[in-house]
Amino acid sequence: MTPIENPSQTANKPSPVLSDDLKKDIPHSVARALAEDLGSGDITAQLIPSQQRATAVVICRDQAVICGRPWVDEVFRQLDLNSADQSANTQIEWHINEGDSVSPNQTLFTLRGNTRVLLTGERAALNFLQTLSATATTARQYAYISASSANSQIKILDTRKTIPGLRLAQKYAAAVGGCQNHRIGLYDAFLIKENHIAACGGIGKAIAKAREIAADKLVEVEVETLDELHQALAAKADVVMLDNFSPEDIEALSSLDLGETKIEVSGDITEEKIKAYSHGAVDFISSGSITKHIRAVDLSMRLVD
C-alpha cells in the first residue's frame, strides 16, 4: 500500500467534527470498555499507594494517522470520577491534533495524575486509540491513492463492515482519514442486493417498491452482470454498485447513457484497482477494508516520573 503523506502535509488541516450522535455514543462506549476490563476492580493497581501521582507518556511506534483523542480523554474522565482519590484529576497534554500523521517513536501525549488511574486506564485508552488510528491510517492511504489517480474526483467510501459496537467510531475515523461514509446503518438508504432482488421479483420491482416506501431515501442497487446494470439504469436507480466488475467492463461504461445514475464499484478493492477504475465513469469506490482489514497501530505508555 502507498505510504501516507508526510506529517507536515496534515499539520494545517481543520479538526474533525464529532456528530451529535457520536458525542452521545462515546461515553457509553468507554463505559462498556471500562466495565469489561475492570470487572470488580483493578487488583494490580492496588499495589500502588492510593494517593501516589505520576507522569506518563504515550508513544506511537508506527507511521500512522492518529484518531481517537475524544475516547482517550473520556477514559480518564470516567476513571477520575470513580477514583478512591477524590482529588484525582488527570491532566492530558496532547502533542498532536486529531487526524495528524505521525512518525515512528513520536510522543502523542503526556499524562499527569493519580498513578492508579493512569495504569488502570492505559489499556482501554490505547485500545480505542490504536484501533481508530488504524482505521484512519488505512482510510488516508486509500484517499491518497484516489487523489493521485487520473480521476481524482472519485470518492472513497467505507461500508458497514465495522467492529460491532464501534460503528459510529470507525465511520468517524474513516472520515478523519479522508474517506467518506456510506450508509451509517440499514435505516438511512436503500441498498438492494441479490437476495432482495430475488425476494422482490426483480430489480425494477424492488426499486419501485423502495420509491413507494420512502421516496426521499437514496436507492442503490448492487448488480453482478451487465444485464442487471441495464435493468437498474432503466428503473432509474440513484446509484448502481458494480460488484467485482473487471476494469475493462467499467471502462466501457463511458459509452452508456447513465442519466442521473451514479456508479459505485466494490469488491476486493486494491491500490491497482483504484488506479484502474479511475479511467472509467466511476463516482464512488467502496471498500470494507477501510474498517475490517486493519492492523492496530503500535502504541506504548511509559511512566517517566
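Preceding block: the structure.
The rules we used
Residues numbered from 1 in each chain as written. Predicted model: local features only at pLDDT ≥ 70, side-chain atom pairs only at ≥ 80, totals over all residues. Heavy atoms only, no water. Disulfide = S-S within 2.5 Å. Buried < 20%, exposed > 50% of the residue type's maximum accessible area, 1.4 Å probe, protein only. Helix = DSSP H or I, 4+ residues; strand = E, 2+ residues; numbered from the N terminus. Contact = heavy atoms within 4.5 Å. Phe/Tyr/Trp six-rings, centres within 6.5 Å; stacked < 30°, edge-to-face > 60°.

Right, let's talk about the state of the cysteines for a bit. Overall, the coordinates contain zero disulfides when judged by the stated rule. No disulfide involves Cys179; its nearest neighbouring cysteine sulfur is the one of Cys67, lying 12 Å away. A residue is classified by how much of its surface remains accessible, and Cys179, at 5% relative accessible area, is buried.

Below, the discussion takes up helix α4 (residues 167-176). Of all ten residues that make up α4, seven are buried, and the element is covered over most of its length. Within α4 the residues assigned to the buried category are Ala169, Gln170, Lys171, Tyr172, Ala173, Ala174 and Val176. For α4, the elements touching its buried residues are α1 (20-38), α2 (69-81), α3 (115-147) and α10 (289-292). Immediately downstream of α4, the backbone of Gly178 shows phi near 110°, a positive value.

Attention shifts here to the packing of aromatic side chains. In this structure the tally under the stated criterion is two aromatic pairs. For the pair Trp71 and Tyr172, a centre-to-centre distance of 5.5 Å together with 45° between the ring planes defines the contact as tilted. Residue Trp71 is located in helix α2, and its partner Tyr172 is located in helix α4; the two are separated by 101 residues in the primary sequence. For the pair formed by Trp71 and Tyr172, the shared burial category is buried. For the ring pair Trp94 and Phe109, a centre distance of 4.3 Å and an interplane angle of 40° mean the geometry is tilted. Here Trp94, found in strand β3 (residues 91-94), pairs with Phe109, found in strand β5 (residues 106-114); they are 15 residues apart in sequence, far enough to count as distant. Side by side, Trp94 and Phe109 carry an identical accessibility label, which is buried.

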